[in-house]
Amino acid sequence: MAGNIIGAYLLYKTIKLRDEVKQYQKYHRDLKTKYESLKDDYPGTTVFAEENRRLLQDSTPEQRRKMTILFGASITKRWDLGKYFPDKQLLNRGVGSQSNTQLLTRFSSDVLQLEPGRVVIKFCSGNFTPRTDINMMWDEFETLIRMSIIRGIQPIPATIVPVTRRAEKFENYSITAQIKTFNDRIKRLSAELKL
């Protein structure tokens with residue numbers, strides 16, 4: 001009997017280990033795929049390149065002026081616009097896991113060249129770490145706002161969603177406090193520019 005219990009336990013551990021190895025292998029493949037895509041296209045300008053080309057070819061500037069682009073990273077990418085806004089002319093230009101610098105780099109191809117009427121600009125809390133230069137991040141955010149205005153596109157700055165306690169993983173650094181400060185700056189700039 002004891003031998004059966006030990007055998008069953010070893011079989012269980014073997015199956016569990018095999019599942020963990022498979023999970024690790026999948027994680028490693030996904031990481032490698034992401035690395036390869038970043039190596040070839042760091043800002044992600046190819047993600048919507050074909051869709052943007054078709055849109056420019058198949059629509060008039062007047063039609064695109066009626067559109068609103070949602071521009072951002074992971075949170076933006078996850079929005080199912082057809083489900084939540086079925087009758088609105090919205091385009092999703094969210095690319096997961098992007099830094100603010102990547103967003104700035106692809107803003108021209110995914111927003112400015114399309115010349116929509118409006119753009120919702122959204123940064124993510126994932127970019128806030130102790131190593132982050134908050135002033136540089138702010139400059140990039142404000143640059144997107146001001147580039148939109150210069151091109152005649154109405155910017156709609158979105159505040160950053162606060163993080164949960166679980167996300168507060170750094171000692172002597174509060175993501176929540178940095179986000180609050182950043183959101184206050186967004187609100188002040190929006191009031192100043194009458195957005």
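Throughout, a residue's number is its position along its own chain's written sequence, starting from 1. In keeping with the predicted nature of the model, local features appear solely for residues at pLDDT of at least 70, side-chain atom pairs appear and are counted solely at 80 or more, and the whole-chain, interface and lining totals rest on all residues. For the side-chain quantities, the full set of heavy atoms in the structure was used; hydrogens and water were omitted.

Q: Now, about the nonpolar core: what can you tell me, with residues and values included?
A: In this structure, Phe71, Phe107, Val119, Phe123, Phe128, Phe141 and Phe182 are the most contacted members of the largest nonpolar core, which totals 29 residues. Numbering of helices and strands runs from the N terminus; a helix is a DSSP stretch of H or I covering at least four residues, while a strand is a stretch of E covering at least two. Secondary-structure elements contributing two or more residues to this core are strand S1 (68-72), helix H6 (100-112), strand S3 (118-121), helix H7 (134-150) and helix H8 (175-193). Sort the elements by how many residues they give to this core and H7 lands first, with 6 residues. Should any heavy atoms of two residues lie within 4.5 Å, those residues are counted as being in contact. Discounting chain neighbours no more than four positions away, the residues touching phenylalanine 141 are Ile121, Phe123, Pro157, Ala158, Phe182 and Ile186. We call a set of buried Ala, Val, Leu, Ile, Met, Phe, Trp, Tyr and Cys residues a nonpolar core when their side-chain atoms join them within 4.5 Å. Three exposure classes are used, based on accessible area relative to the maximum for each residue type with a 1.4 Å probe and protein chains only: buried under 20%, partly exposed in between, and exposed over 50%.

Q: Residue-level account of H8, with values.
A: Within an α-helix, residues lying three or four positions from one another point in the same direction, as the helix has 3.6 residues per turn. To estimate the expected span of a helix, subtract one from its residue number and multiply by 1.5 Å. Under the 1.5 Å per step criterion, the end-to-end length of H8 is 27 Å for 19 residues, consistent within 8% with the ideal 27 Å. Residues of H8 that are buried include every one of Ile175, Ile179, Phe182, Asn183, Ile186, Leu189 and Ser190, and no others. Buried residues of H8, seen end-on, are gathered within an arc of 125° and therefore sit on one face of the element. With respect to the buried face of H8, the exposed residues turned more than 90 degrees away are Lys180, Lys187, Arg188, Ala191 and Glu192. Among the structural elements, H7 and strand S4 (154-157) are those in contact with the buried residues of H8. Directly beyond the C-terminal end of H8, a positive phi value near 55° is found at lysine 194. Directions from the helix axis toward the C-beta atoms define the arc.

Q: For the sheet that holds S1, give the residues involved together with the corresponding values.
A: Read across the open sheet, the 4 strands follow the order S2-S1-S3-S4; overall the sheet is parallel. Only two strands of the sheet have a single partner each, and these edge strands are strand S2 (90-94) and S4. Shown here is a sheet whose adjacent strand axes are inclined to one another by a mean of 20°, direction ignored. In the sheet, S1 pairs with S2 via 5 bridges, with the strands oriented parallel. In the sheet register, phenylalanine 71 faces S2, and the bridge partner there is arginine 93. In this analysis, strands are considered paired if DSSP registers two or more bridges between them. Angles here are taken between N-to-C directions and fall from 0 to 180 degrees, while the axes themselves are lines fitted to C-alpha atoms, restricted in helices to the stretch in contact.

Q: Any details on the packing of aromatic side chains? Residues and values, ideally.
A: A pair of aromatic rings is counted whenever rings of Phe, Tyr or Trp (Trp by its six-membered ring) have centres within 6.5 Å, and the orientation is called stacked for planes under 30 degrees apart, edge-to-face for over 60 and tilted otherwise. With the rule as written, the count across this model stands at 10 aromatic pairs. The interplanar angle of 75° and the centroid separation of 5.7 Å between the aromatic rings of phenylalanine 141 and phenylalanine 182 together place this pair among those described as edge-to-face. Of the two residues, phenylalanine 141 is situated in helix H7 and phenylalanine 182 in helix H8; the sequence distance between them amounts to 41 residues. With respect to burial, phenylalanine 141 and phenylalanine 182 carry one shared label: buried. An aromatic cluster of at least three residues, connected via ring pairs, comprises Phe123, Phe128, Trp138, Phe141 and Phe182.

Q: Quick one: what's the story with a nonpolar patch on the surface, residue by residue and with numbers?
A: Side chains of Trp79, Tyr84 and Phe85 sit close together on the surface and give an oily, nonpolar patch of about 310 Å² of accessible area. Of note, tyrosine 84 is situated in helix H5 (residues 81-84). Exposure remark for tyrosine 84: the relative accessible area of 47% places this residue in the partly exposed category. Like-charged residues within 9 Å of one another, or nonpolar side chains (Val, Leu, Ile, Met, Phe, Trp, Tyr) within 5 Å, are grouped into patches, provided each residue has over 30% relative accessible area and no salt bridge. Using a 1.4 Å probe, the Shrake-Rupley method yields the accessible areas, and only the shown protein chains count as cover for residues. Within this document, salt bridges are pairs made up of a side-chain nitrogen of Lys or Arg and a carboxyl oxygen of Asp or Glu, the two lying within 4 Å of each other.

Q: So what's going on with the pattern of salt bridges? Which residues, and what values?
A: Using the criterion set out here, one finds 8 salt bridges in the structure. Salt-bridge contacts for arginine 53 lead to glutamate 50; the nearest nitrogen and oxygen are separated by 2.5 Å. With arginine 53 and glutamate 50 both in helix H2 (residues 49-58) and 3 residues apart, this pair spans about one turn of that helix. Looking at arginine 53, the relative accessible area reads 41%, which means it is partly exposed. One salt bridge connects glutamate 51 with arginine 93, and the closest N-O pair in it is separated by 3.3 Å. In this pair, glutamate 51 is assigned in helix H2 and arginine 93 in strand S2, connecting sequence segments 42 residues apart. The exposure class assigned to glutamate 51 is partly exposed, which follows from its relative accessible area of 34%. Among the charged side chains, a salt-bridge network with shared partners connects Glu50, Arg53 and Arg54.

Nothing here speaks to function; it is all geometry.
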